[in-house]
Each structure stands twice: as C-alpha cells, then as structure tokens.
Amino acid sequence: MKAVMKTRRIACALAAALMCAAAPAAFAQADAPAGGAQVSPVKEDLRSLLDAGRARVTERKWQEAADIYRKALALSPGNGEAAFCLGTSLLQLKRHKEALKVLDAMLERWPDDPAVKNNIAWICVTTTDPATRDVGKGLKFARQAVMRKPGDPDLWSTLAEAHYAEGDFKKAARVAK
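Now for a description of the structure that goes with this document.

Reading the values: the criteria
Residues numbered from 1 in each chain as written. Predicted model: local features only at pLDDT ≥ 70, side-chain atom pairs only at ≥ 80, totals over all residues. Heavy atoms only, no water. Helix = DSSP H or I, 4+ residues; strand = E, 2+ residues; numbered from the N terminus. Expected span 1.5 Å × (residues − 1). Buried < 20%, exposed > 50% of the residue type's maximum accessible area, 1.4 Å probe, protein only. Arc of directions from axis to C-beta. Axes fitted to C-alpha atoms, helices over the stretch in contact; angles between N-to-C directions. Parallel < 35°, antiparallel > 145°, perpendicular 65-115°, else oblique. Left-handed = near helix turned anticlockwise from the far one by under 90°. Contact = heavy atoms within 4.5 Å. Nonpolar A, V, L, I, M, F, W, Y, C, P; charged D, E, K, R; others polar.

Between its terminal C-alpha atoms helix α5 (residues 96-109) stretches 21 Å, which fits the 20 Å expected from 14 residues at 1.5 Å a residue. The complete set of buried residues in α5 reads His 96, Ala 99, Leu 100, Val 102, Leu 103, Met 106 and Leu 107. End-on, the buried residues of α5 take up no more than an arc of 165 degrees, which puts them together on one face. Set apart from the buried face of α5 by more than 90 degrees, the exposed residues are Lys 97, Lys 101 and Glu 108.

If you want it as structure tokens, here you go:
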C-alpha cells in the first residue's frame, strides 16, 4: 500500500508540473498585450519570474516556486499563470487552505477552466483538514472538469479519487480504468 501511495504522490507531482507548464497557453489570452503592443519592462520582469517559476516547478522545488509566483502576482495581480501555478505549488506543499483561496479566486475570472476545477477538487477530497475538506464540492468540480476536458487522464484520476473519498469504491474503480 505504501508503494502505491508513493507512486501516486510522484504521479501527482509530475501532473502538477505538467499543468504549470501548460498554464501559459491556457491563460495567455487574458494576459497578452493587445495587437503589436510593445512589452514593458514590468512585463519583461514578469516573464522572467514566470520562467523561473516554471523551472522551480519542473525541479519540484515547490516553496521556491510559490515565492516566485507571489512576486509575479505582485507585479501583475491578474496574471492567470502566476495564480494557477501559485495554487498548484501550495497544493504540493500541502498548504491546502491557502491553495484553495488562490484557486477559488481564479474561478471568478476563469469559471470553466478544467485545470482550476481539478485542483480545487483534488484539495477538497484529499485534505485532512476538516475545515477545508468538502467531498461534495470536490466531486462536483471533478465531474465538471472531466466534462470540459474528457481526454485528460489527470482529471479522471481526480474524479476516481473523489468517488473513493465519497465511499463509492466501485465507481472509483470503474472511473480509474
């Protein structure tokens, strides 16, 4: 059982790194300068921070990544990539309450984003903090994420975990296949 849990933790960390790597494309439209606008020095600093954050995520240096993404958000408070990757880094650090606050705030701007909903669902069904754990919310968000992006195995994994947390082991096993 310990080997399965260790494998699951490694898989989750790799999935988190992949999601942060994909975040630029997902949130770029909202953060890109209009037309052929020139990139300001602040945007250049932001780009450097985002690059550095992605590097730390790839290295699984979650605390360093979180610190970098906080700096990026200070420069550009509405930056989707920085917010998503900060939430993901906090999730990996098991600072679930903080991660949930960041990710829940993202829903105002990106209410249908499957990666945001997936991370919220994962936190809600795996945290041991009774104040943060909400299996019903996690199951709802996991289902919504899968409906938006049914070809993503990470989303199905979260849905299986949500069914497991709910106590529906047969459905969890069926979804996990």
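So that's the structure; there's more coming.
Interhelical geometry of helix α4 (residues 80-92) versus helix α6 (residues 114-126) gives an angle of 20 degrees and a closest axis separation of 11 Å. If you check the angle between α4 and α6, you find them roughly parallel. Note that α4 runs across α6; the crossing there is left-handed. Taken together, the residues of α6 that come into contact with α4 (itself represented by Phe 84, Thr 88 and Leu 91) are Ala 115, Val 116, Asn 119, Trp 122 and Ile 123. Here the contact of α4 with α6 is built from residues that sort into six nonpolar, two polar and no charged.

Any functional reading would require information that these geometric values do not contain.
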